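Okay, here's what each chain looks like letter by letter:
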Amino acid sequence: MTPQEIETEIRSYIQRAKGIAADGLSVSEFAGLSVDLLKLSIKAVDAVPTEGQAKKAFVLDAVSLLFDGIADKLVPWPALPFWYIAKPVVRSVVLAVAAGAIESLLPLVRAS
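(A) Main features of a nonpolar patch on the surface. Taken together, the side chains of Val-89, Val-93 and Val-97 make up a nonpolar region of the molecular surface, amounting to roughly 280 Å² of accessible area. Topologically, Val-97 is positioned in helix H4 (residues 80–111).

Below, the structure written as structure tokens:
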């Protein structure tokens, strides 16, 4: 799989996730979409001959694209003013959790 094919597959997944999130999204749905994206990204970049840190950065970029694309759907509209203040911090936490999840999911993805 080429890097362009990986990027196309990830962008396609994010578009499907945006469709799912169009009417709103629960935290558990967001978590499920994030884990599925992590698995997809890990599987895709694992086949590319690149060093580990570059692969991890690519997967985290994919998660940040997902977060930026659908995270606003998690918040009820009355809370949006507070969300816009907290969003950068929440984004950092999500990316930190994703970085740890990559290490945990890697053996599971390789085994499947």
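(B) Seen up close, the packing of helix H1 (residues 3–21) against helix H3 (residues 52–70). Between H1 and H3, the shortest axis-to-axis distance is 10 Å and the interhelical angle comes to 25°. The orientation of H1 relative to H3 falls into the category roughly parallel. Of the two possible hands of crossing, H1 and H3 adopt the one that is right-handed. Across from Ile-6, Glu-7, Ile-10, Arg-11, Ile-14, Ala-17, Lys-18 and Ala-21 in H1, the residues of H3 making contact are Phe-58, Ala-62, Leu-65, Leu-66, Gly-69 and Ile-70. When the residues that make up the contact of H1 with H3 are grouped by side-chain class, the tally is ten nonpolar, one polar and three charged.

(C) Spatial organisation of helix H2 (residues 27–46). Under the 1.5 Å per step criterion, the end-to-end length of H2 is 28 Å for 20 residues, consistent within 8% with the ideal 28 Å. The complete set of buried residues in H2 reads Phe-30, Leu-33, Ser-34, Leu-37, Leu-38, Leu-40, Ser-41, Ile-42, Ala-44 and Val-45. Buried residues along H2 sit in contact with H1, H3 and H4.

(D) Here's a closer look at the environment of Leu-33. Residue placement: Leu-33 occurs in helix H2. For Leu-33, the contacting residues outside a window of four places in its chain are Tyr-13, Ala-17, Ile-20, Leu-25, Leu-66 and Ile-70.

Rules of the game
- Residues numbered from 1 in each chain as written.
- Predicted model: local features only at pLDDT ≥ 70, side-chain atom pairs only at ≥ 80, totals over all residues.
- Heavy atoms only, no water.
- Patch = residues over 30% accessible without salt bridge, like charges linked within 9 Å, V, L, I, M, F, W, Y side chains within 5 Å.
- Areas by Shrake-Rupley, 256 points an atom, 1.4 Å probe, with all protein chains shown as cover.
- Salt bridge = Lys/Arg side-chain N within 4 Å of Asp/Glu carboxyl O.
- Helix = DSSP H or I, 4+ residues; strand = E, 2+ residues; numbered from the N terminus.
- Axes fitted to C-alpha atoms, helices over the stretch in contact; angles between N-to-C directions.
- Parallel < 35°, antiparallel > 145°, perpendicular 65-115°, else oblique.
- Left-handed = near helix turned anticlockwise from the far one by under 90°.
- Contact = heavy atoms within 4.5 Å.
- Nonpolar A, V, L, I, M, F, W, Y, C, P; charged D, E, K, R; others polar.
- Expected span 1.5 Å × (residues − 1).
- Buried < 20%, exposed > 50% of the residue type's maximum accessible area, 1.4 Å probe, protein only.

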